[in-house]
Amino acid sequence: MSDPPAPIRARDVLWRFGPMVYLPTVLFALGEGAVIPLIPVIAAQLGADVAGAALVASALVVGQLAGNLPAGWAVARFGERITMGVAGALAMVGVTGMVVAPMLGVFAASVLLIGLCAAAFGLARHSFMTTRVPLSFRSRAMSLLGGTFRLGMFVGPFVAAALLAFFGDEHAAIWFFGVCLLATVVLVVFGPDPEQQFAPIEARAGSDANPDELEEEDTGEAITGSIRVPGSRESVFAVAWRYRAVLSRLGVAAASLAAVRSARQVVLPLWGVSIGLDAQSIALVVGISGAIDFALFYASGQVMDRFGRLWAALPAMLLMGLGFLALSFTHDLDSSAMWFAMFAAVLGVGNGLSSGILLTLGADVAPRTDPAPFLGSWRMFTDAGGAAAPLLVSGIAALSSLSLATGAVGVLGLVGAAAFVRWVPRFVPRSGRAD
């Protein structure tokens, strides 16, 4: 008798993924992270007022939100490699537009184009990991993918600061983004093709997490898996309608997590200003919170693979929801600065423990073959939640107070935690448990 095949080890596959999958993602995120803080600054130099600069900065989020569905179609029609190569090339056009923009409108259009390309890039990688990573360590792989974006967004601003100190020109960071994009395109187009190196697998083998078995309660129709074959022309909207039960339930829960994450980036700086801290102190507190967040990105994947998706999603949502809610009562206390630092750390822990959850859940409920059209809709939901949170905070703060806005985010986090408790067992039973 022949010896049984050696078991596939997570570290072996993740190591093989590194140069082909994670490195291009790190480069893209690093360049984007360097540019994002400077977009309002350059917009102001082109004549925008404060509101106009904020609007131009939001074009990146709008572009990413609007690009998810077309990106899903492109990945399904042409594949991950071609989509990423084209997206990288178009992003370089956007970078060129940002550098030479003679007026604010051209600069804003260039930022919007980069957002569209970021959506295509992110979705292509998400789709690839969904079809190539075995279920037994899918969460760790997805957490690493989320960690690569976190790394870029964490290190990028420091790179931009160093370039500003050396060159004294904000456009140096944009040129740095262009270099990162060029390296990304070279790796994607001329490097080994991950789609050929890693054949698609039935990642849900041995798991109950099968969309074929999920029922549509309100219509009686079954949600089918394997709804498309690569290169088919079924509309992404048809795919979204077919999976409406998942999107309207688990997708909304995922959107609430994205909203709470996004609100953290808005609330913490505003809270520091509101309680009278100087810019250096605010930057220190927010930086420590971000460092904690980044340090814990892999822990979420370990928990999900070992115990299940809910064991990571629920603690993360409870920590952030209760953290925001408790912070909202500390504004007028004598020790408000101490409470601000403490709850910023709590939010960093909660956000770090949520790394990879949205990517993993999207992969869990996507069709077994050609998941890209579904993931386009899934990512549109999560990006919409992230985009809506700053509007929610600013609207409530304008009508009432920042404390009430912060408390509202906390309530949203608790509601989202309840939604995860309700819908994760329904749509992703026994998720993350290896056979």
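Residues numbered from 1 in each chain as written. Predicted model: local features only at pLDDT ≥ 70, side-chain atom pairs only at ≥ 80, totals over all residues. Heavy atoms only, no water.

### Some points on the overall build of the protein chain
What counts here: Think of it this way: any DSSP run of H or I at least four residues long counts as a helix, any run of E at least two long counts as a strand, and we number them from the N terminus. Relative accessibility under 20% of the residue-type maximum defines a buried residue, over 50% an exposed one, and the middle range a partly exposed one, all with a 1.4 Å probe and only protein chains included. Any two residues whose heavy atoms approach within 4.5 Å are treated as being in contact. Note on areas: Shrake-Rupley with a 1.4 Å probe; residue coverage comes only from the protein chains shown.
Within the protein chain one finds 17 helices and 0 strands. By the burial criterion, 53% of the 435 residues in the protein chain qualify as buried. Across the protein chain, the fraction of contacts at a sequence separation of at least 24, relative to all contacts at a separation of at least 6, is 84%. Of the roughly 18,300 Å² of accessible surface on the protein chain, 70% is carried by carbon and sulfur atoms.

### Remarks on the confidence of the model for the protein chain
The cut-off we apply is this: pLDDT is defined as a per-residue confidence score from the predictor, taking values between 0 and 100.
Per-residue confidence for the protein chain gives a mean pLDDT of 81, with 83% of residues at or over 70. Here residues 203-232 is a poorly scored stretch, pLDDT under 50, and it has 79 contacts once near neighbours within four places are set aside; other chains count.

### Structural notes on the pattern of salt bridges
Spelled out, the test is: Criterion for a salt bridge: a side-chain nitrogen of Lys or Arg within 4 Å of a carboxyl oxygen of Asp or Glu.
According to the stated counting rule, one finds 6 salt bridges in the structure shown. Across the pair Arg150 and Asp293 runs a salt bridge, and its minimum N-O distance is 3.0 Å. With Arg150 in helix α6 (residues 138-167) and Asp293 in helix α11 (residues 279-295), this residue pair connects regions lying 143 residues apart in the sequence. Like Asp293, Arg150 is buried. A salt bridge links Asp364 to Arg309, with the shortest nitrogen-to-oxygen separation between them at 2.6 Å. Taken as a pair, Asp364 in helix α15 (residues 357-365) and Arg309 in the loop between α12 (297-307) and α13 (310-327) lie far apart in primary sequence, 55 residues in all. Assessed through its relative accessible area of 1%, Arg309 is described here as buried. Connected through shared salt-bridge partners, Arg138, Arg140, Asp305, Arg309 and Asp364 make up one network.

### Some details on helix α16 (residues 372-399)
Here is the rule we go by: Take the number of residues in a helix, subtract one, and multiply by 1.5 Å to get its expected span. Two axes are fitted around each residue, one to the seven residues ending there and one to the seven starting there, and the angle between them is reported as the bend at that residue.
The first and last C-alpha atoms of α16 sit 40 Å apart over 28 residues, in line with the 40 Å expected at 1.5 Å per residue. A bend of about 25° at Ala388 is the largest found in α16, and the proline Pro390 appears one to four places after it.

### A word on the nonpolar core
Note the threshold: By convention a nonpolar core is built from buried Ala, Val, Leu, Ile, Met, Phe, Trp, Tyr and Cys residues, the set being connected through side-chain atoms within 4.5 Å.
Counting 83 residues, the largest nonpolar core has Phe107, Leu250, Phe374 and Phe420 as the members making the most contacts within it. When near neighbours in sequence (up to four residues on either side) are disregarded, Phe374 contacts Val239, Tyr243, Val246, Leu247, Gly362, Val365, Ala366 and Pro367. Listed in part, the 12 residues of the second largest apolar core include Phe128, Val133, Phe137 and Ala363.

### Comments concerning helix α17 (residues 402-427)
The α-helix advances 3.6 residues per turn, and as a result positions three or four apart in sequence lie on the same side. In a regular helix each residue adds 1.5 Å, so 26 residues correspond to 38 Å; α17 covers 36 Å between its end C-alpha atoms and thus fits that length. Most pronounced at Phe420, the bend in α17 amounts to some 25°.

### Details of the environment of Phe420
Looking at where Phe420 falls in the secondary structure, it is placed in helix α17. Judged by its relative accessible area of 0%, Phe420 is buried. Placed 166 residues apart in sequence, Phe420 and Ala254 show a C-alpha to C-alpha distance of 8.0 Å. When sequence neighbours within four positions are dropped, the list of residues in contact with Phe420 reads Leu250, Ala253, Ala254, Leu257, Leu310, Ala313, Met317, Leu361 and Pro425.

### Quick look at the packing of aromatic side chains
To keep it simple, the criterion reads: Classification of ring pairs uses Phe, Tyr and Trp, with its six-membered ring standing for Trp, and accepts pairs whose centres are within 6.5 Å; under 30 degrees between planes counts as stacked, over 60 as edge-to-face, and the remaining range as tilted. A positively charged side chain is recorded as over a ring if its NZ (Lys) or CZ (Arg) lies within 6 Å of the ring centre. The angle to the ring normal must also be within 35 degrees.
One pass over the full model with this rule turns up 12 aromatic pairs. Measuring from ring centre to ring centre gives 5.7 Å for Phe154 and Phe294, while their planes differ by 10°; the resulting arrangement is stacked. Of this pair, Phe154 sits in helix α6 while Phe294 is found in helix α11, placing the two residues 140 residues apart along the sequence. On the basis of relative accessible area, Phe154 is assigned to the partly exposed category, the value being 27%. Accessibility expressed as a relative area gives 22% for Phe294, which makes it partly exposed. When the centroid spacing of 6.2 Å and the interplanar angle of 50° are considered together, the rings of Phe307 and Trp311 count as tilted. On the basis of relative accessible area, Phe307 is assigned to the partly exposed category, the value being 41%. Cluster of aromatic residues (ring-pair linked, three or more members): Phe154, Phe158, Phe294 and Phe297. Across from the ring centre of Phe128, 5.9 Å away, lies the NZ or CZ of Arg125, which sits over that ring.

### Focus on the environment of Arg242
Positionally, Arg242 belongs in helix α9 (residues 236-242). For Arg242, a relative accessible area of 31% gives the class partly exposed. Through-space distance from the C-alpha of Arg242 to that of Phe374 is 9.3 Å; in sequence the pair is 132 residues apart.

### Regarding the packing of helix α4 (residues 80-100) against helix α5 (residues 104-132)
Heads up, the rule is: Axes here refer to lines fitted to C-alpha atoms; in helices the fit is confined to the stretch in contact. Angles between the N-to-C directions go from 0 to 180 degrees. Comment on the angle field: the value is read as roughly parallel under 35 degrees, roughly antiparallel over 145, roughly perpendicular from 65 to 115, and oblique elsewhere. With the far helix as reference, a near helix turned anticlockwise by less than a right angle produces a left-handed crossing, and one turned clockwise produces a right-handed crossing. Classification used: nonpolar for Ala, Val, Leu, Ile, Met, Phe, Trp, Tyr, Cys and Pro, charged for Asp, Glu, Lys and Arg, polar for all others including Gly.
Running from amino to carboxyl end, α4 crosses α5 at an angle of 160°, the nearest separation of the two axes being 8 Å. Relative to α5, the element α4 lies roughly antiparallel. Read as a crossing pair, α4 and α5 show a hand that is left-handed. Its residues placed into classes, the contact of α4 with α5 shows 17 nonpolar, 5 polar and 3 charged.

### Topic: the packing of α13 against helix α14 (residues 336-353)
Where α13 meets α14, the axes come as close as 8 Å, and the angle between the chain directions of the two elements is 160°. What the angle tells us is that α13 and α14 run roughly antiparallel. Relative to α14, α13 is oriented so that their crossing is left-handed. On the side of α13, the interface is formed by Ala312, Ala316, Leu319, Met320, Gly323, Phe324, Ala326 and Leu327, while α14 contributes Trp339, Phe340, Phe343, Val346, Leu347, Val349, Gly350, Asn351 and Leu353. Here the contact of α13 with α14 is composed, by residue class, of 14 nonpolar, 3 polar and no charged.

### Comments concerning a nonpolar patch on the surface
The condition that has to hold: Residues enter a patch when their relative accessible area is above 30% and they make no salt bridge; the linking distance is 9 Å between like charges and 5 Å between nonpolar side chains (Val, Leu, Ile, Met, Phe, Trp, Tyr).
A surface patch of nonpolar side chains, about 560 Å² in accessible area, is lined by Trp73, Phe78, Ile82, Val86, Leu90 and Val93. Put simply, the parts of the chain that give the nonpolar patch at least two residues each are α3 (50-78) and α4. In terms of residue count, α4 provides more of the nonpolar patch than any other element does, 4 residues in total. Summarising the element assignment, Ile82 is placed in helix α4.

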